[in-house]
Structure formats: C-alpha cells, structure tokens
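# Notes for the structure review
Okay, here's what each chain looks like letter by letter:
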Amino acid sequence: MAQSRSSKAHDAASGPSRPPADSRLAPDPQPAPPLTGSELAAAQRLFGDRLELAERYTEHLASSGIVRGLIGPREAPRLWERHVLNCAVVQELIPENARVVDVGSGAGLPGLCLALARPDISITLVEPLERRVQWLHEVIDDLELPNVTVMRTRAEQAKTQLKNIDVVTARAVSALTGLMDITLPLLKGSGQLLALKGRSAQDEIDKARKKFNRFGVRSAEVLTVGEDFLSEPTTVVRLSL
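Residues numbered from 1 in each chain as written. Predicted model: local features only at pLDDT ≥ 70, side-chain atom pairs only at ≥ 80, totals over all residues. Heavy atoms only, no water.

The helix and strand tally for the chain stands at 10 helices and seven strands. Across its three principal directions, the C-alpha atoms of the chain cover 80 × 45 × 35 Å. Across the 241 residues of the chain, 49% fall into the buried class. Within the chain, counting contacts between residues at least 6 apart in sequence, those at least 24 apart form 70% of the total. Taken as a whole, the chain presents about 12,700 Å² of accessible surface, with 47% of it coming from carbon and sulfur. Between the centroid of the 30 positive side chains of the chain and the centroid of its 30 negative side chains there is a distance of 9 Å. (Helix = DSSP H or I, 4+ residues; strand = E, 2+ residues; numbered from the N terminus. Buried < 20%, exposed > 50% of the residue type's maximum accessible area, 1.4 Å probe, protein only. Contact = heavy atoms within 4.5 Å. Areas by Shrake-Rupley, 256 points an atom, 1.4 Å probe, with all protein chains shown as cover. Lys, Arg positive; Asp, Glu negative; His and termini not counted. Charge placed at Lys NZ, Arg CZ, Asp CG, Glu CD.)

Okay, here's the thing in structure tokens:
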C-alpha cells in the first residue's frame with residue numbers, strides 16, 4: 001500500500017532517527033606515553049624495582065581506562081607527568097607500614113600509585129561506582145598487588161567497616177570543607193588526611209577552619225612534594241588529628 005501524503009510529511013518533519021544516547025561509540029584506547037628523560041628518572045626514583053608494574057598500570061589507564069571512561073582521551077600523553085608521578089610522590093608523606101584508605105579512588109589515583117611505590121603499606125580503595133570498582137579489580141589482579149583491597153561503598157558508610165586507619169588520601173573529590181566530612185571520620189580521632197590539591201589549597205584551608213574543632217584537627221598545612229625532581233610538583237593539604 002502506498003504511503004499516505006500525511007505520513008510522508010510527518011516523516012520529513014521528524015527528520016532522520018537518532019541513535020539512543022547509550023549507543024555512542026566509546027573513545028579509542030591510546031598508547032601509554034613513553035618514559036624518557038626527567039620523567040624516567042623520577043619514575044625510577046619513586047617506583048624502584050616495581051617500575052615495570054607502574055608501566056603496566058599506566059598502560060591500563062591509557063587503554064581500558066580511556067575506553068571505559070575513567071580517564072579522558074586527552075590525558076593520555078601526560079599520564080606520567082600529570083597523574084602517575086604526581087600521585088606517587090605523595091608516598092614520602094606516609095609513615096612506614098601505614099594503613100591507608102583512598103577515598104573516591106576512581107582510576108586508582110592516588111591509591112594504586114601509592115600501593116605500587118610503597119609495598120610496605122596496606123591500602124583500601126573506597127569507590128562507590130560499580131564500573132570503576134570492576135576496573136580496579138581487573139588491574140589489581142593483573143598486577144598481583146597483595147597490599148590492595150577495594151570496597152564498593154561511599155566513604156560515609158565505610159567508617160563502620162574500617163579500623164586502625166593511619167592515613168586517608170583523596171584527589172579531585174571535593175573542596176576541603178566538604179571533604180573533611182567524608183574523610184576525617186574514617187580516622188576515628190587519630191591520623192592524617194592527605195588531600196591532593198591545586199593552587200587554591202591555602203584558600204580551602206582558610207574556608208574550612210571553622211570545622212577544625214569539630215573533628216579535632218591539630219594542624220593544617222600546605223605541602224609541596226617532588227619539587228626537586230618533578231617538573232610539576234604536587235601540592236598536598238595535610239590535616240593532622
């Protein structure tokens with residue numbers, strides 16, 4: 001049967017059909033950036049004989065990490081400088097054999113970087129999103145990291161399951177005034193928060209001071225780590241209880 005004039009007009013008006021939003025193509029995997037020059041020297045200093053594992057982790061970030069939306073495609077060329085080394089250098093602030101919790105771990109930044117640089121610490125990655133947790137498990141299994149566990153939960157709920165925590169870490173989770181609410185209760189009155197921050201670090205401390213007494217914060221300071229061997233040193237806010 002011939003299509004009616006009215007239905008043809010409707011089809012023309014409605015235009016070509018659009019694919020559903022969830023059918024969009026995933027970004028392509030990218031090659032991990034090569035380690036050369038000062039970045040190679042920094043990686044050797046931070047990871048030592050575990051550098052090969054750090055390279056494999058960076059390959060995971062560049063490939064499945066990008067395809068599955070944990071890392072933006074434009075970040076691939078600077079994974080070492082901006083992400084892996086930037087996070088791993090924080091290990092110098094962590095005491096020996098510490099029990100560490102990384103809140104909002106996402107792609108393992110900084111948690112997996114710290115676990116690779118410091119096999120003496122035990123670290124729990126707290127991440128609420130299932131797809132990220134699945135990816136973290138895959139990477140941990142591939143790298144065979146016995147000092148890492150993953151909890152799929154929110155930090156606010158994890159406090160009842162975690163005990164004797166020495167250090168809590170966080171990167172790109174929230175401003176300090178909100179971050180304190182979800183991280184400091186994990187320490188149960190003793191330990192330190194290491195929050196990787198940017199240029200606004202001191203301003204964030206100033207805005208959060210009114211909460212210090214509530215959580216028993218004894219000191220707050222902005223630290224710069226890696227400035228003697230990284231082209232982009234890392235800024236850390238340390239709150240000590």
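Let us now look at the confidence of the model for the chain. Low pLDDT means the predicted atomic positions in that stretch should not be read closely. The predicted model of the chain has a mean per-residue pLDDT of 91, with 90% of residues at 70 or higher. Across residues 1–19, confidence stays below pLDDT 50; counting only partners more than four residues off in sequence or on other chains, it has two contacts. (pLDDT = per-residue confidence, 0-100.)

Judged by nonpolar contacts, the single largest core of 55 residues is most densely connected at F47, Y57, W80 and L112. Broken down by element, this core gets its largest block of residues, seven residues, from helix α3 (residues 51–67). Excluding residues within four positions of it along the chain, F47 makes contact with A54, W80, V84, L85, A88, C113, L116 and A117. If you look at the next biggest cluster of nonpolar residues, it comprises 28 residues, including M180, L187, A201 and I205. (Core = buried A, V, L, I, M, F, W, Y, C linked by side-chain atoms within 4.5 Å.)

The N-to-C vectors of helix α8 (residues 176–187) and helix α9 (residues 201–208) enclose an angle of 65°; their axes lie 8 Å apart at closest approach. Our classification of the angle between α8 and α9 gives roughly perpendicular. In this structure, α8 uses L176, T177 and M180 to contact α9, whose residues at the interface are E204, I205 and A208. Taken together, the residues of the contact of α8 with α9 break down into four nonpolar, one polar and one charged. (Axes fitted to C-alpha atoms, helices over the stretch in contact; angles between N-to-C directions. Parallel < 35°, antiparallel > 145°, perpendicular 65-115°, else oblique. Nonpolar A, V, L, I, M, F, W, Y, C, P; charged D, E, K, R; others polar.)

Our focus in this paragraph is the environment of R68. Along the chain, R68 turns up in the loop between α3 and α4 (79–88). For R68, a relative accessible area of 30% translates into the label partly exposed. For the pair R68 and M180, spaced 112 residues apart in sequence, the C-alpha separation works out to 29 Å. Ignoring sequence-local partners within four residues, the contact set of R68 consists of R131, Q134, W135 and E138.

With an omega dihedral of 10°, the bond running from L109 to P110 counts as a cis peptide bond. Tracing the backbone shows P110 in the loop between β1 (99–103) and α5 (111–117). Of note in the backbone geometry, E144 takes a positive phi value of approximately 55° without being a glycine. With phi around 55°, K188 is a residue other than glycine that occupies positive phi space.

Once that is clear, we can look at the environment of D142. On the secondary structure map, D142 appears in helix α6 (residues 130–143). Judged by relative accessible area, D142 falls into the partly exposed class, the value being 34%. Spatially, the C-alpha atom of D142 lies 41 Å from that of F212, the residues being 70 residues apart in sequence. In contact with D142, not counting residues within four places along its chain, are R56 and H60. A polar contact is formed between the side chain of D142 and the side chain of H60, at a distance of 2.8 Å. (Polar contact = N/O pair within 3.5 Å; in protein donor to acceptor, adjacent residues only side chain to side chain.)

Along the chain, R238 turns up in strand β7 (residues 234–240). At 2.9 Å, the side chain of R238 and the side chain of E221 are in polar contact. Beyond its immediate chain neighbours, meaning those up to four positions away, R238 contacts L93, Q192, L193, L194, S219, A220, E221 and L223.

Now for the pattern of salt bridges. Counted under the stated rule, the structure contains 15 salt bridges. The residue R132 makes a salt bridge to E127 at a minimum N-O spacing of 3.7 Å. Its salt-bridge partner being K197, residue E204 comes within 3.0 Å of it at the nearest N-O pair. Neither residue differs from the other here; E204 and K197 are each classed as buried. Connected through salt bridges with shared partners, the residues E75, R78 and R82 form a single ionic network. (Salt bridge = Lys/Arg side-chain N within 4 Å of Asp/Glu carboxyl O.)

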